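Coordinate inspection notes
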Amino acid sequence: MNGFHGKAYRYKDKVIGVCSTLREGLYMIGHATTGGHKRMKALPLFGSVAEAQKALDEFAAARGLTEVKTDAEV
């Protein structure tokens, strides 16, 4: 399981998506690691999944990233 909320995209050699942070009600865009998730420093933290997903979708569209299936969609 990758722990992403919503859509995920291939970015370079990683799959990025909206992830929970250690603080409840705070979300980030990041990629899975062996110990959890690592935040993409180029993008801020967000107060909702919807806000973070919108920012990720815009980031992906601007760079022509390919959407990938997550474990939740399989």
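Now for a quick tour of the structure. The structure displayed is predicted, hence computed values, not measured ones. (Residues numbered from 1 in each chain as written. Predicted model: local features only at pLDDT ≥ 70, side-chain atom pairs only at ≥ 80, totals over all residues. Heavy atoms only, no water.)

Looking only at helices and strands, the protein has 1 helix and 5 strands in total. Computed over its C-alpha atoms, the radius of gyration of the protein comes to 11 Å, within 12% of the 11 Å expected for a compact globule of 74 residues. When its C-alpha atoms are laid out on the principal axes, the protein stretches across 30 × 25 × 20 Å. Each of the 74 residues in the protein was classed as buried or not, and the buried ones make up 35%. Counting contacts in the protein only where the partners sit at least 6 residues apart, residues at least 24 apart contribute 42% of the total. Working note: accessible area of the protein is about 4,800 Å², and carbon and sulfur atoms make up 53% of it. Where the 11 positive side-chain charges of the protein centre and where its 8 negative ones centre are 8 Å apart. (Helix = DSSP H or I, 4+ residues; strand = E, 2+ residues; numbered from the N terminus. Rg over C-alpha atoms; globule rule 2.2 N^0.38 Å. Buried < 20%, exposed > 50% of the residue type's maximum accessible area, 1.4 Å probe, protein only. Contact = heavy atoms within 4.5 Å. Areas by Shrake-Rupley, 256 points an atom, 1.4 Å probe, with all protein chains shown as cover. Lys, Arg positive; Asp, Glu negative; His and termini not counted. Charge placed at Lys NZ, Arg CZ, Asp CG, Glu CD.)

Mapped onto the elements, Val49 comes out in helix H1 (residues 49-63). Taking the C-alpha atoms as reference, Val49 lies 8.5 Å from Ser20; in sequence the two are 29 residues apart. Ignoring sequence-local partners within four residues, the contact set of Val49 consists of His5, Val18 and Tyr27.

Before going further, it helps to examine the environment of Val68. Along the chain, Val68 turns up in strand S5 (residues 66-68). Counting along the chain gives 51 residues from Val68 to Gly17, while the straight-line C-alpha distance between them is 9.8 Å.

Following the criterion strictly, the structure yields 2 salt bridges and no others. Measuring nitrogen to oxygen at the nearest pair gives 3.2 Å for the salt bridge that ties Asp13 to Lys14. Overall, the relative accessible area of 34% leaves Lys14 in the partly exposed class. Put simply, Lys54 and Glu58 hold a salt bridge, and the shortest N to O gap is 3.3 Å. (Salt bridge = Lys/Arg side-chain N within 4 Å of Asp/Glu carboxyl O.)

Turning our attention to the pairing of strand S3 (residues 27-33). In summary, the side chains of a regular strand alternate between the two faces of the sheet. With 5 of its 7 residues buried, S3 lies for the most part within the structure. When strand S2 (residues 14-20) meets S3, the two strands line up antiparallel, connected through 5 bridges. Looking at S3, one finds that Ile16 is bridged to His31. Sheet topology note: the S3/strand S4 (residues 36-39) ladder contains 4 bridges and is antiparallel. In the strand pairing of S4, His31 is matched with Lys38. Here S3 hands over to S4 after 2 residues, the two strands then running antiparallel side by side. (Pairing = 2+ DSSP bridges.)

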